[in-house]
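Survey of secondary and tertiary structure
Spelled out from the first residue to the last, the chains are:
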Amino acid sequence: MRLQPTGKFDNSAKAYDHIAVAPLAAAMGARIDGVDLSALTDAQFDEIADALYRHKMIYFRDQQISHADQEAFTRRFGDFGTDAYTKGLADHPNIQPVVKEAETKTKMIFGEGWHTDSPFLARPPAISMLYGVDIPPYGGDTIWANTELAYDYLSDTMKTMLAPLKVHMSAIAVIGMIDRTNRETGAPAPEANAEAGPQQTKIGGMAIDIERQSMIEGSYHPLVRTHPVTGRKALYVEATYSQGIEGLTEEEAKPLLEFLAAHITQASFTCRLHWKANSFVVWDNRSCLHHAFNDYDGHRREMYRTTVEGEAPV
Ligand code: SIN
């Protein structure tokens, strides 16, 4: 079902006492004003967390923050999460640079393709954050899709059918794409020593570490997951990592996964952000998907990423 805007969405802002909130789109997303992330009060943080769970993705403009500030803000939500790809900075191992240089031309950048972060892990990151430092003059946007709204708009019969299902989340397609891209560009591929353990490779010119074997084995998670804070249900399916459904044949699972991935990412359920230098974005991987665009060749993009450890999805 492709929706036209329905007037039934409610991404309106609540009236808060310590922050100001302006919705970004009808489906999701909001800008938070009136805070300095390097000097946050507890009362502001509580309202920011509430706004995140309501809007799924929130962003702040004009934040002058250090790596230590980003770490401190991230830790307010919980422990640092595991990121399956990116390497941390030597002096801030939980801050992961995500950089594409102006001269890099690549078929695949980090974060491209609709996905939720590292769902092949047993405990995927709950929340991800990106701080934009160097931003292309155009392009390099990020787009998100609201997986709670997408679940709400399924028929009751479809919801009943999906309720007991477990989705197989595996990085097999991404690793295949990384290997193919690196072969084509002559970058050293890690395939020769493809046993267990981290292997260095590249994605979009960026050095990454991957645990090939465990990322391909992946995890089985509920296809409909319940948010641990709000109790709301969301689809946990996407086109990048969802490779099968427990108990279904490939032929049975494929059309269902394709339908759900397309249903979630229809324009009506999304919001899109054009970055500016010093924008800071936070999203909840349990209630949205996201996708980065590879459309700014000739311009540099430099971001710093942190994640918050998640729970095993239920
Ligand atoms: C990501 O998937 O975490 C990266 C998103 C982006 O670079 O816009």
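Higher on the page you've got the structure.
Below or above, wherever it landed, is the structure these notes cover. Bear in mind the structure is a predicted one, so any value in this text is a computation, not a measurement.

Parameters and conventions
- Residues numbered from 1 in each chain as written.
- Predicted model: local features only at pLDDT ≥ 70, side-chain atom pairs only at ≥ 80, totals over all residues.
- Heavy atoms only, no water.
- Pairing = 2+ DSSP bridges.
- Helix = DSSP H or I, 4+ residues; strand = E, 2+ residues; numbered from the N terminus.
- Axes fitted to C-alpha atoms, helices over the stretch in contact; angles between N-to-C directions.
- Near = heavy atom within 4 Å.
- Polar contact = N/O pair within 3.5 Å; in protein donor to acceptor, adjacent residues only side chain to side chain.
- Areas by Shrake-Rupley, 256 points an atom, 1.4 Å probe, with all protein chains shown as cover.
- 1 Å grid on protein atoms, 1.4 Å probe; cavity = no way out; pocket = protein on both sides within 12 Å on 5 of 7 lines; lining within 4 Å.
- Sits in = over half its atoms within 2 Å of the grid points.
- Core = buried A, V, L, I, M, F, W, Y, C linked by side-chain atoms within 4.5 Å.
- Buried < 20%, exposed > 50% of the residue type's maximum accessible area, 1.4 Å probe, protein only.
- Contact = heavy atoms within 4.5 Å.
- Points joined across faces, edges and corners; volume = space filled by probe spheres on them.
- Nonpolar A, V, L, I, M, F, W, Y, C, P; charged D, E, K, R; others polar.

**Comments concerning the sheet that holds strand 16 (residues 288-292)**
- Here we have three strands laid out as an open sheet, ordered 14-6-16, and antiparallel in their pairing. Across the chains shown, the open sheet's two edge strands, defined by having one partner strand only, are strand 14 (270-273) and strand 16. In this sheet, neighbouring strand axes are inclined to one another by 20 degrees on average, regardless of whether the strands run parallel or antiparallel.
- Bridging between strand 6 (residues 142-146) and strand 14 involves four bridges; their strand directions are antiparallel. Within strand 14, the position partnered with Ile143 by the bridge is Arg272.

**A short note on the site of the ligand**
- The environment of the ligand is formed by Phe110, Gly111, His115, Leu130, Thr142, Trp283, His290, Ala292, Arg301 and Arg305.
- Between an oxygen atom of the ligand and a side-chain N or O atom of His115, the distance comes to 3.1 Å.
- Within the side chain of Arg301, a nitrogen or oxygen atom sits 2.8 Å from an oxygen atom of the ligand.
- Contact with the protein chains removes 100% of the 260 Å² of surface that the ligand exposes when unbound.
- More than half of the atoms belonging to the ligand lie within 2 Å of the grid points that define the second largest cavity.
- Mapped by element, the contributors of at least two residues to the shell around the ligand are strand 16 and strand 17 (301-308).

**Focus: the nonpolar core**
- In this structure, Met57, Tyr85, Trp144, Leu162, Leu223 and Leu235 are the most contacted members of the largest nonpolar core, which totals 59 residues.
- Among the elements that make up this core, the one with the highest residue count is helix 7 (residues 250-264) (five residues).
- Leave out the neighbours within four places in its chain, and Met57 touches Leu24, Met28, Gly29, Ala30, Leu52, Trp144, Cys271, Leu273, Val281, Val282 and Trp283.

**Regarding empty space enclosed by the protein**
- Scanning all chains against the criterion turns up three cavities of 30 Å³ or more.
- Taken together, 15 residues line the largest cavity, and the ones lying closest to its centre are Tyr85, Phe110, Gly111, His115 and Tyr241.
- Classifying every residue of the lining of the largest cavity by side-chain character gives seven nonpolar, four polar and four charged.
- Taken as a whole, the second largest cavity spans an internal volume of roughly 100 Å³.
- Along its surface, the second largest cavity is lined by Val98, Phe110, Gly111, His115, Asp117, Leu130, Thr142, Trp283, His290, Ala292, Arg301 and Arg305.

**Some words on the sheet that holds strand 13 (residues 242-245)**
- What the three strands build is an open sheet, ordered 10-7-13; its pairing is antiparallel. Both edges of this open sheet fall to strand 10 (219-222) and strand 13, since each of them pairs with a single strand only. Strand-to-strand, the axes of this sheet are offset by a mean angle of 35 degrees, without reference to chain direction.
- Note that strand 7 (residues 166-169) and strand 13 share three bridges and pair antiparallel. Looking at strand 13, one finds that Val167 is bridged to Ile245.

**Describing unusual backbone geometry**
- Of note in the backbone geometry, Asp62 takes a positive phi value of approximately 55 degrees without being a glycine.
- When you line up the elements, Asp62 lands in the loop between strand 3 (57-60) and helix 2 (67-77).
- According to the relative accessible area criterion, Asp62 is exposed, its value standing at 63%.
- Located in the positive-phi region is Asn278, a residue other than glycine, with phi close to 70 degrees.
- Structurally, Asn278 can be placed in the loop between strand 14 and strand 15 (280-284).

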